[in-house]
Amino acid sequence: MANKLDPMDLKQILSLHNEGLSNRQIGDLLSISRNTVNNYIKLAKSSDYSIREMLTMDPHQLGELFTAHTTLITNRYDELMAWFDKVNQQRNHPGFTFMYHYQEYQGQVSNPYSYTQFMVEKTVKLTTPGRNKMTTLASLN
């Protein structure tokens, strides 16, 4: 079964489109089908939001706009979210730094996100253990 398009890839598609690249160029840069890019650009243009507005959304919000559409089989984003579960549990330890956790993540994952993407994703909403409310790692620092 295919997973949703990775929200970071979706944001890259929108950003590159906004910069004037063709759908073929975007597909080549991101190693995805031009038709996939075409479909997501059409979906983005038919939404109630402009592409610029979508680019300001966090990955969770952006992913919610495209929940019913699937294209890629990828564990990359799921690996990152699983990593943040570990990070979330260790955030109160003395000496906690995101750089340390990023370096661990980078060393253990075959296709890691860049540090910049990692830091953007750290604000993705996670369920705090023992609570029902949603919180972000950024608000806990």
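Structural data are supplied above this passage.
Just so it is clear, the structure is predicted and the values come from calculations on it, not from any experiment. Along each chain, residues carry numbers from 1 onward, in the same order as the chain's sequence is written. Per-residue local features of the predicted model are confined to residues with pLDDT of at least 70, and side-chain atom pairs are confined, for both listing and counting, to 80 or more; whole-chain, interface and lining totals are unaffected and use all residues. Excluded from the side-chain calculation are hydrogens and water; included are all heavy atoms of the structure.

> Is there a simple way to explain the nonpolar core in this structure?
In a soluble, globular protein the nonpolar side chains are often hidden away together inside. One finds Ile-13, Leu-14, Met-54, Leu-62 and Phe-66 to be the most contacted residues of the largest nonpolar core, which totals 16 residues. By size, the runner-up hydrophobic cluster in this structure holds 14 residues, among which are Met-8, Met-81, Val-109 and Tyr-113. Put simply, a nonpolar core is a bunch of buried Ala, Val, Leu, Ile, Met, Phe, Trp, Tyr and Cys residues held in one set by side-chain atoms that sit within 4.5 Å of each other. The buried label applies to any residue whose accessible area, calculated with a 1.4 Å probe on protein chains only, is under 20% of its type's maximum; exposed applies above 50%, and partly exposed to all values in between.

> Just checking my understanding: could you explain the packing of aromatic side chains for this structure?
The geometry of an aromatic ring pair is captured by the separation of the ring centres together with the interplanar angle, meaning the angle of the planes. Note on aromatic pairs: the rings of Phe, Tyr and Trp (six-membered ring only in Trp) are paired at centre separations within 6.5 Å, and the planes decide the class, stacked below 30 degrees, edge-to-face beyond 60, tilted for the rest. Following the criterion strictly, the structure yields 3 aromatic pairs and no others. Measuring from centroid to centroid gives 5.1 Å for Phe-96 and Phe-98, while their planes differ by 80°, and the two rings are edge-to-face. Here Phe-96 and Phe-98 have matching classes, each one buried. Site record: aromatic cluster; members linked through ring pairs are Trp-83, Tyr-102 and Tyr-105.

> What is the right way to look at helix α7 (residues 98-108) in this model?
Residues lying three or four places apart along an α-helix face the same way, a consequence of the helix completing one turn every 3.6 residues. Strands here are runs of E lasting at least two residues and helices are runs of H or I lasting at least four, both read from the DSSP assignment and numbered beginning at the N terminus. Within the span of α7, buried status applies to Phe-98, His-101, Tyr-102 and Tyr-105. The buried side chains of α7 occupy one side of the element, clustering within an arc of 105° when seen end-on. Throughout this description, a polar contact denotes any pair of N or O atoms lying within 3.5 Å of each other; where both atoms belong to protein, one of them has to be capable of donating a hydrogen while the other can accept it, and for residues adjacent in sequence the pair is counted only when both atoms sit in side chains. Measuring from the side-chain oxygen of the N-cap residue of α7 to the backbone nitrogen of Tyr-100 gives 3.1 Å; that N-cap residue is Thr-97. For this quantity, the arc is that covered by the directions from the helix axis to the C-beta atoms.

> I tried to follow helix α1 (residues 7-18) on my own but got confused; where do I start?
One less than the residue count of a helix, multiplied by 1.5 Å, gives the span that helix is expected to have. In this model, α1 (12 residues) spans 16 Å end to end at C-alpha, consistent with the 16 Å of a helix rising 1.5 Å per residue. α1 sits mainly inside the fold: 9 of its 12 residues count as buried. Listed in full, the buried residues belonging to α1 are Pro-7, Met-8, Asp-9, Leu-10, Lys-11, Ile-13, Leu-14, Leu-16 and His-17. The first or second residue beyond α1 is Gly-20, which carries a positive phi of 100°.

> Teacher, can you tell me more about the packing of α1 against helix α2 (residues 23-30) here?
When two helices pack together, their arrangement is given by the angle between the helix axes and the distance between those axes. Every axis corresponds to a line fitted to the C-alpha atoms, with the helix fit spanning only the stretch in contact, and the corresponding angles, defined between N-to-C directions, vary from 0 to 180 degrees. As a packed pair, α1 and α2 sit with axes 10 Å apart at the nearest point and diverge in direction by 140°. Considering the angle they form, α1 stands oblique to α2. Seen along the crossing, α1 lies across α2 with a hand that is right-handed. Contacts from Asp-9, Gln-12, Ile-13, Leu-16 and His-17 of α1 reach α2 at Asn-23, Ile-26, Leu-29 and Leu-30. Tallied by class, the residues present in the contact of α1 with α2 amount to 5 nonpolar, 3 polar and 1 charged. Here roughly perpendicular refers to angles of 65 to 115 degrees, roughly parallel to angles under 35, roughly antiparallel to angles over 145, and oblique to all remaining angles. For a crossing to be left-handed, the near helix must be turned anticlockwise from the far one by less than a right angle; the clockwise case is right-handed. Note on definitions: a residue-residue contact is assigned when non-hydrogen atoms from the two residues lie within 4.5 Å. Each residue gets one label: Ala, Val, Leu, Ile, Met, Phe, Trp, Tyr, Cys and Pro are nonpolar, Asp, Glu, Lys and Arg are charged, and the others, such as Gly, are polar.

Coordinates in, geometry out; function isn't part of it.
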